[in-house]
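# Chain and residue survey
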Number of protein chains: 2
Amino acid sequence: MRKLFHQPLCPFCRKVRLVMSEKRLSFELITETVWKKRPEFLLLNAAGTVPVLVEETGLTIPDSYAICEYLEEAYPDTMLMGRTLAERVEVRRIVAWFDDKFNREVTRNLLYEKIFKRFFMNSNPSAQSIRMGYQQIKFHLNYLSELVDKRSWLTGNHLSLADFAAAAHVSALDYIGDIQWEKYPAVREWYARLKSRPSFRALLSDRISGLVPPKYYSDLDF
Amino acid sequence: MRKLFHQPLCPFCRKVRLVMSEKRLSFELITETVWKKRPEFLLLNAAGTVPVLVEETGLTIPDSYAICEYLEEAYPDTMLMGRTLAERVEVRRIVAWFDDKFNREVTRNLLYEKIFKRFFMNSNPSAQSIRMGYQQIKFHLNYLSELVDKRSWLTGNHLSLADFAAAAHVSALDYIGDIQWEKYPAVREWYARLKSRPSFRALLSDRISGLVPPKYYSDLDF
């Protein structure tokens, strides 16, 4: 069976899980403790990162960008990256916004500093990074509000990879209670629609031992 | 005419310039001082980053990942991303290696700390980051050596986007004298072949005022 190596709170893994579920691809989910640098895993991906997808044929695809582009080419029945050149540009622009800018300015400063460093690396979080993360998340949630205020989905009328990339980051930060929903009603409405999709179910039921999410985390009505 | 907003030493801009030249697309090159956050530029790309490509039709494409995927779809005559699914996976894996891992571990620690911060931001480089960059560049140049030792080009027998992504980072670091060529003969041989391509010419003749590259920087025989 198809295998996906992942970490439960990693937004890049979450994005791939959502895309695979939307495309109705079944897969076995394997939690990889990347920081242990397991030699067998490094043979699959010399970069040592998750996600890594291994197809039944043995074809091994590391990196969430490579995986999502591959899934769109290999399984085009459910298209998630737009049809016209302009639509595809807008999908990828927003994916890059979240996976690059949002990740650097928010996810790394909050999720990585507060959770990953403390729980998995036994090192101290940087107070300065956390402060920066809380400052910048406001700008980003306002930007997200602007987008979903004008459009049904992030890139227009069609649900796309852009929504899943954004929701993957948002859901990981929501697990640690860092989204102040009452301040961003338009984002909440958009996220509620995503949360109620079958592809979201597995994500919302995942739990990390010793780290309990807020009560509303898996509620469809929050 | 098509316009490309760029910064001369930015590896992501260099990658796009190489790809556009290989695809024989003419363009006007506009140096954007991104740190000044020019309002007209933020209208083109709210993320405020270069590269940004503006087509004659007005279609605006920010982000080097979105641009390279767009160029491959819009101008497929010269294919740079492989033909089979497996080839395309390998091209994107290596692009991600350089634009994500190499960038984070080497380019940001050396080019950003030593040049960008000092020349353009008037702030002090972090000695710790620079030390880390010099440590990690060895691992990466050894990895690059392994790849080009076994293959003509990074992903096999065909020149691809992977070569341009890697060469873009290498060329920017070479401008500041941070590649010790004598230690990596296989990488030098691969880079010499790339350097002699017409697409490389414009890159090698670019100069940043106040920052002189080593003599061998633009030599085809170095």
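Model, not experiment: these values are computed from the prediction.

Conventions adopted
- Residues numbered from 1 in each chain as written.
- Chains lettered and ligands numbered in written order.
- Predicted model: local features only at pLDDT ≥ 70, side-chain atom pairs only at ≥ 80, totals over all residues.
- Heavy atoms only, no water.
- Helix = DSSP H or I, 4+ residues; strand = E, 2+ residues; numbered from the N terminus.
- Rg over C-alpha atoms; globule rule 2.2 N^0.38 Å.
- Buried < 20%, exposed > 50% of the residue type's maximum accessible area, 1.4 Å probe, protein only.
- Contact = heavy atoms within 4.5 Å.
- Salt bridge = Lys/Arg side-chain N within 4 Å of Asp/Glu carboxyl O.
- Pairing = 2+ DSSP bridges.
- Axes fitted to C-alpha atoms, helices over the stretch in contact; angles between N-to-C directions.
- Right-handed = clockwise from strand over helix to strand, strands pointing away.
- Domains from an automatic or database assignment.
- Buried area = accessible area lost by both parts, 1.4 Å probe.
- Polar contact = N/O pair within 3.5 Å; in protein donor to acceptor, adjacent residues only side chain to side chain.
- Nonpolar A, V, L, I, M, F, W, Y, C, P; charged D, E, K, R; others polar.

What follows concerns the overall build of chain A. Across its full length, chain A holds eight helices and four strands. When the helices and strands of chain A are placed in sequence order, the string is β-α-β-α-β-β-α-α-α-α-α-α. Against the compact-globule benchmark of 17 Å for 222 residues, chain A has a radius of gyration of 17 Å, which places it among compact chains. When each of the 222 residues of chain A is scored for burial, the buried share is 56%. Taking the intrachain contacts of chain A between residues at least 6 apart in sequence as the baseline, contacts between residues at least 24 apart amount to 66%.

Moving on: the pattern of salt bridges. Evaluated as defined, the whole model comprises 36 salt bridges over all chains. With its nearest N and O atoms 3.8 Å apart, the salt bridge here joins E69(A) to R92(B). You can see E69(A) sitting in helix 3 (residues 64–74) and its partner R92(B) sitting in helix 4 (residues 85–120), one on each of two chains. You'll find E69(A) and R92(B) in the same group, each marked buried. Between R151(A) and E90(A) there is a salt bridge, and its shortest N-O distance comes to 3.0 Å. With R151(A) in the loop between helix 5 (127–150) and helix 6 (161–175) and E90(A) in helix 4 (residues 85–120), this residue pair connects regions lying 61 residues apart in the sequence. Several salt bridges converge on common partners, so that one network encompasses E69(A), E73(A), R88(A), R92(A), E69(B), E73(B), R88(B) and R92(B).

A word on the sheet that holds strand 4 (residues 60–62) of chain B. All names here are of chain B. Taken together, four strands build an open sheet; the order of strands is 2-1-3-4 and the sheet is mixed. A strand with exactly one partner marks an edge of an open sheet, and here the two such strands are strand 2 (28–31) and strand 4. Recorded for the sheet is a direction-independent mean angle of 20° between the axes of neighbouring strands. Across three bridges, the pairing between strand 1 (residues 3–6) and strand 3 (residues 52–54) is antiparallel. Bridge pairing in strand 3 links L4 to L53.

All right, on to the side chain of E32(A) then. Residue and element names in this part refer to chain A. Within the secondary structure, E32 is located in the loop between strand 2 (28–31) and helix 2 (39–44). Judged by relative accessible area, E32 falls into the buried class, the value being 3%. Other than its neighbours up to four places away in sequence, E32 contacts F5, H6, Q7, R38, F41 and V50.

Moving on to the pairing of strand 2 of chain A. Regular strands show a simple pattern: their side chains alternate between the two faces of the sheet. All names here are of chain A. Pairing geometry for strand 1 (residues 3–6) and strand 2, over four bridges, is parallel. In the sheet register, K3 faces strand 2, and the bridge partner there is E28. Handedness of the crossover joining strand 1 and strand 2 through helix 1 (residues 11–22) is recorded here as right-handed.

Moving on to the side chain of N45(B). Residue and element names in this part refer to chain B. Looking at the element boundaries, N45 is found in the loop between helix 2 (39–44) and strand 3. In this structure N45 comes out as buried when scored by relative accessible area, which is 3%. Leave out the neighbours within four places in its chain, and N45 touches V52 and P62.

All names here are of chain A. Here the domain parsing of chain A yields domain 1 (3–74) and domain 2 (85–205). In this structure, domain 1 and domain 2 have C-alpha centres spaced 20 Å apart. Contacts between domain 1 and domain 2 engage 14 residues on the former and 24 residues on the latter. Summed over both partners, the interface of domain 1 with domain 2 comes to about 1,800 Å²; 69% of that surface belongs to carbon and sulfur atoms. The largest contributions to the domain 1 side of the interface with domain 2 come from L9, R14 and L18, which together make up 34% of the buried area. Taken together, domain 1 and domain 2 are joined by three salt bridges. For K15, the salt bridge is made with D99, and the minimal N-O distance between the two is 2.5 Å. Where domain 1 touches domain 2, the interface holds five residue pairs in polar contact (both at pLDDT 80 or more). Of all the elements, helix 1 adds the most residues to the side of domain 1 that touches domain 2, at nine residues. Residues of the side of domain 1 that touches domain 2, tallied by class, amount to seven nonpolar, two polar and five charged.

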